[in-house]
Amino acid sequence: MPLLILLAAPLLAAVVLAFVGDRKYAPEINIAGSAATFIAGTALALEVYSGGPMLAGNKFFFVDAFNVYLAVLTSFVSMTTAIFSRRYMRREREHGRVGHWGMRFYHAMFQLFIFAMLLCLLTNNVGVLWIAMELATLSTVLLVSLYRTPTAIEAAWKYFILCGVGIAQALFGTVLLYFAAEKVLGEGGEALLWTNLIQMSDKLEPTILSLAFVFLMVGYGTKVGLVPLHNWLPDAHSEGPTPVSAVLSGLLLNVALYALVRCKAIVDGSTHTHYAGNIMMGFGMISILVAAFSMLRQKDIKRMFSYSSTEHMGIATFAFGLGGPIATYGALLHMLVHSLTKSSIFFTVGHASQMHRTQEMEKIKGLIKGSPLVGWGLMFGAMAIIGMPPFGVFTSEFLILTATIKDAPFMTPFLLLGLAVAFAAILRKIQPMISGEVPPYQMPLKAAHVPVLLHLALVLALGLYMPSFLNQWFHKAVEILK
Amino acid sequence: MNTQTTAQIIGFLAAMVLLTAFGMLVQRRIYGLIHLFAWQGLFLSISTAIVGYMTGRHHLYISSVLTLTLKVILLPYILNVLIHKLKIRKEIDTVVNVPLTMLIGIALVILSYHLTAPVRELSTFVTRSVLAIALATVMIGLLMMITRRHAVTQIIGFLAMENGLFFAATSATYGMPLVVELGVAIDVLIAAFIFGIFFFHINTTFDSLDVEYMARLKEED
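Predicted model, so just to flag it, every value in this text is computed and none were measured.

## Quick word on the overall build of chain B
No. 1: For chain B, the count of helices and strands is 7 helices and 0 strands.
No. 2: When the helices and strands of chain B are listed from N to C terminus, the series reads α-α-α-α-α-α-α.
No. 3: On C-alpha atoms alone, chain B measures out to a radius of gyration of 18 Å, which is about the 17 Å that the 2.2 N^0.38 rule sets for 221 residues.
No. 4: Sorting the 221 residues of chain B into buried and exposed places 47% on the buried side.

This is how it looks when you write it as structure tokens:
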């Protein structure tokens, strides 16, 4: 029952918001819809926590420890983003960057996007997983071009074409997977169910699955934003409205990585080698290094943090590829803390660029004096994302580093180099922005407090103390992905 | 009709799909491209129906009709209307010259056969060799998207890629589950709406559908 509400709430909200349009109470409906989704997500998590993994809807849905925590995270961040976007989008509307139709479109598509991601997480069918992923892309394409500036349209076109091409490769991989599964599991829908595939994985033909994984890696890897398939990511993040950047970075990348990891589990079961893991480690490490060095030369604040997203997804991909209980645990935790931290950073960055009417870092100054919440929020967010203790990102990166030293020592220097360069890049750019006097062109604004503080408090709490239920959850998920 | 004959018919249709893919690679006029795309869809639809008949999997008939309406009638019609409304230039330039593109295309076909060789050896389907052609069609669509610098041709390349995928899903594997095929069809339809909107946006913003003009987002030094 919570499962049904979890999927129905965003879909219903999307329809309602399409009709409500630009009326005054539309943002409140948006928040209410996301809150209902979050409550349903929590209820589902409690159900799975007490009753174990469950199949529902004629085996169409499958919920276990791995996807339920991501579903709760998705619904939570979508709720806080909805709260943030109320003030943010109202200001954008007042400044005339979005019109009447733009607002209607924005709200409806935001909810549809959340629905697509939740469907992606909860479905048991590998084919439907692909369809939901494509739907998530399509629902955000026109959100990226919402401002209709030449650069926004260019970014959206790039996003549409590159992700379309990428995701097509993933479909070919899925077809190959079906090709192999059909012989073992028989024709029809049964052969694409993840629960069946994982059970029978050692009977699947390893040569076909190895080939399938290459296509799945390229396909879903494009959506994760891994180098060299990442070109769409900085453009889409920097040109779209900030709430969209927050959910793209905090949620969509996670969901794509989730899809990849689910597929990897099947391939591993068939090949019994570290083949898929090695590919993921390679892509992950290249992403960490290229993204870290790219961050050094960015001028646009949102572009810099989108490269940071590529870097962190690289870390998680690398850790999943490395395998083993510690690295997998670290990767799961990393997905959680990165998502919370990065979306809170985008919230503060959005306000900062509204205050200065630019995204150029050189022109943003005196944030702490101008608006303490935005200034301190950005500073603590940046501290968290570069992996300073006591924030949660430190814990996850420390776990991953420990596992790397143990299992792949030759990779350690590269990982450390990437982390150090990212550390330097962000710290160097953030410091002048938050300190100093308030420039004359800075305009005061009413910032959204709750989302920023809530996210940062959670990241801090996760760094200091690991709640036992979350710990158990991650252990269960590690067991699933073994 | 015995399996041997049907396999031959499907082999013939696969060859036609590949031929239209190459045709699109060299075609310079936009209307010609759309016609070729429609023909490719038609071959795809017939092949799907024949596989459905041969294997007795009747849900493939639905896929076949879906392909016919979507890719042979609806999408070419939408594209025609858009081109007419936006008054697009009929000739299009390529970045890489045509003979070179053809050679790359041939190399891609060989690569596809090489990549799918282990799969073909293991398969028991009579249509297994279609998989290589499907992959080649996907790759040629990709090549088209890279070499053409025009929004409409990029979209046709994208749709040709989708055709290749659909060919793999229906003919090479005797059809994916219906829910997947329907979902893919809906996604293609939504994508069609989105690129329609995009054509208008790009045209009004850049006064052209040439994507060469879209080069503002770059890494600065």
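## What about the environment of Leu-248 of chain A?
All names here are of chain A.
No. 1: Tracing the backbone through its elements, the reader meets Leu-248 in helix 10 (residues 242–271).
No. 2: Taking the C-beta count within 10 Å as the criterion, Leu-248 has 26 such neighbours and is therefore assigned buried.
No. 3: Residues Leu-248 and Asp-407 lie 159 residues apart in sequence; the distance between their C-alpha atoms is 32 Å.
No. 4: Apart from the residues within four sequence positions on either side, Leu-248 is in contact with Thr-140, Ala-236 and His-237.

## Focus on the environment of Phe-200 of chain B
No. 1: The topology assignment puts Phe-200 of chain B in helix 7 (residues 178–206).
No. 2: Sequence-wise, Phe-200 of chain B and Leu-111 of chain B are 89 residues apart; in three dimensions their C-alpha atoms are separated by 38 Å.

## Here's the deal with the nonpolar core
Residue and element names in this part refer to chain A.
No. 1: Met-117, Cys-120 and Leu-176 are the most contacted members of the largest nonpolar core, which totals 266 residues.
No. 2: Of the residues forming this core, the biggest block, 24 residues, is contributed by helix 6 (residues 150–185).
No. 3: The residues contacting Met-117, other than those within four sequence positions of it, are Thr-74, Ala-136, Leu-251, Leu-252 and Val-255.

## Structural notes on the interface of chain A and chain B
No. 1: At the interface, 39 residues of chain A touch 39 residues of chain B.
No. 2: In terms of residues, the side of chain A that touches chain B owes the most to one element, helix 6 of chain A, which gives 18 residues.

## Let's talk about unusual backbone geometry
Residue and element names in this part refer to chain A.
No. 1: For the peptide bond that leads from Val-227 to Pro-228, omega is 5°, which places it in the cis range.
No. 2: Here Pro-228 is to be found in the loop between helix 8 (206–224) and helix 9 (232–239).
No. 3: A cis amide bond, omega 10°, links Pro-389 with the succeeding residue Pro-390.
No. 4: In this fold, Pro-390 is placed in the loop between helix 15 (372–385) and helix 16 (392–407).
No. 5: In this structure, Arg-148 is a non-glycine residue whose phi angle is positive, near 60°.
No. 6: With respect to the helices, strands and loops of the structure, Arg-148 is situated in the loop between helix 5 (126–144) and helix 6.
No. 7: Unlike most non-glycine residues, His-272 shows phi in positive territory, near 55°.
No. 8: Here His-272 shows up in the loop between helix 10 and helix 11 (275–296).
No. 9: Owing to 10 C-beta atoms within 10 Å, His-272 belongs among the exposed residues under this scheme.

What counts, and at which threshold
Residues numbered from 1 in each chain as written. Chains lettered and ligands numbered in written order. Predicted model: local features only at pLDDT ≥ 70, side-chain atom pairs only at ≥ 80, totals over all residues. Helix = DSSP H or I, 4+ residues; strand = E, 2+ residues; numbered from the N terminus. Rg over C-alpha atoms; globule rule 2.2 N^0.38 Å. Buried ≥ 20, exposed ≤ 12 C-beta atoms within 10 Å, placed from the backbone. Contact = placed C-beta atoms within 7 Å. Core = buried A, V, L, I, M, F, W, Y, C linked by C-beta atoms within 7 Å.

Honestly, it's all geometry; don't read function into it.
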